[in-house]
Amino acid sequence: MQNDISKLKTYLYAAFKEIMNDDIYSHTGNKKYRIFIYIAVFGCIHINDLYVIFPSETLLSSGKNNSEILNIWGTRLNYLSYKNNGLEKLKQPGYYTLSSYGIHILYDHLQFKGYFGEVSFKQFYDTVK
């Protein structure tokens, strides 16, 4: 079982590295997949971690102060967690994790992109959740 988990995490990490520099994932409709894969690999995300996922936006926002940038990123996370869009808040302020719905969205997306064909949804769900 531990071998299956580490194999799945390897696939997830490879997917994360690939999409980090893919321009397709900088468009509004696909940004959530960057966040979802980050959470699947690292377990959760804090608003302050978003500069890792969106480094170019940090540069583009150089005219904005840190509180404005955090507000933008906080709004993005709140939007994704609103109405069961894939994230849920943890008890600690500013932290998010994947909801069951988000795990399903991520699994479907990664299967569609061909990152791992032999991993069942149950294996994926058990590992990510």
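Going by the structure above, here's the rest.
In this report, the structure presented in the accompanying data block is examined. (Residues numbered from 1 in each chain as written. Predicted model: local features only at pLDDT ≥ 70, side-chain atom pairs only at ≥ 80, totals over all residues. Heavy atoms only, no water.)

### Points about the nonpolar core
Keep this limit in mind: Each nonpolar core is a collection of buried residues, namely Ala, Val, Leu, Ile, Met, Phe, Trp, Tyr and Cys, held together in the definition by side-chain atoms within 4.5 Å. Each residue is assigned to one of three classes by its accessible area relative to the maximum for its type, calculated with a 1.4 Å probe on protein chains only: buried under 20%, partly exposed between the two thresholds, exposed over 50%. Put simply, DSSP marks the helices as runs of H or I at least four residues long and the strands as runs of E at least two long, and each gets a number from the N terminus on. Residue contacts are defined here by distance: any two heavy atoms, one from each residue, within 4.5 Å place the two residues in contact.
Core analysis: the largest hydrophobic core is formed by 37 residues, its most contacted members being Ile-35, Ile-45, Leu-87, Leu-98, Leu-110 and Phe-124. Among the elements of the structure, α1 (2-20), α2 (31-42), α3 (50-53), α5 (66-81), β3 (95-98), α6 (100-113) and α7 (121-128) are those that each provide at least two residues to this core. Tallying contributions element by element places α2 first for this core, with 8 residues. Beyond its immediate stretch of four places on either side in the chain, Leu-98 contacts Phe-36, Ile-39, Ala-40, Gly-86, Leu-87, Glu-88, Ile-103, Leu-106, Val-128 and Lys-129.

### A closer look at the pairing of β3
For a regular strand, the rule is simple: side chains alternate between the two faces of the sheet. Heads up, the rule is: Pairing between two strands is assigned when DSSP locates at least 2 bridges connecting them.
Sheet topology note: the strand β1 (residues 45-46)/β3 ladder contains 2 bridges and is antiparallel. Bridging across to β3, Ile-45 finds its partner in Tyr-96. Sheet analysis places strand β2 (residues 87-89) next to β3, joined by 3 bridges and oriented antiparallel. Of the residues in β3, the one forming a bridge with Lys-89 is Tyr-96.

### Topic: the packing of α6 against α7
Heads up, the condition is: Inter-axis angles, ranging from 0 to 180 degrees, are taken between N-to-C directions of lines fitted to C-alpha atoms, where helices are fitted over the stretch in contact. Reported orientations rely on four angle classes, namely roughly parallel under 35 degrees, roughly antiparallel over 145, roughly perpendicular from 65 to 115, and oblique for the rest. Working rule for handedness: look at the near helix, and if it is turned counterclockwise from the far one by less than a right angle, call the crossing left-handed; if clockwise, right-handed.
For the pair α6 and α7, interaxial distance at closest approach is 10 Å and the crossing angle is 130°. Between α6 and α7, the angle falls in the class oblique. As α6 runs across α7, the sense of the crossing is right-handed. Two secondary-structure elements touch here, α6 through Ser-100, Ile-103, His-104, Leu-106, Tyr-107 and Leu-110 and α7 through Phe-121, Phe-124, Tyr-125 and Val-128.

### Concerning the pattern of salt bridges
Where side chains of opposite charge bring their charged atoms close, a pairing between them can arise. Worth spelling out the cut-off: Note on definitions: salt bridges are taken to be side-chain nitrogens of Lys or Arg within 4 Å of carboxyl oxygens of Asp or Glu.
Counted under the stated rule, the structure contains 1 salt bridge. Between Lys-122 and Asp-126 there is a salt bridge; the shortest N-O distance is 2.9 Å. Remark: Asp-126 and Lys-122 occur in helix α7; sequence separation between them is 4 residues, near one turn of the helix. With relative accessibility at 57%, the residue Lys-122 sits in the exposed group.

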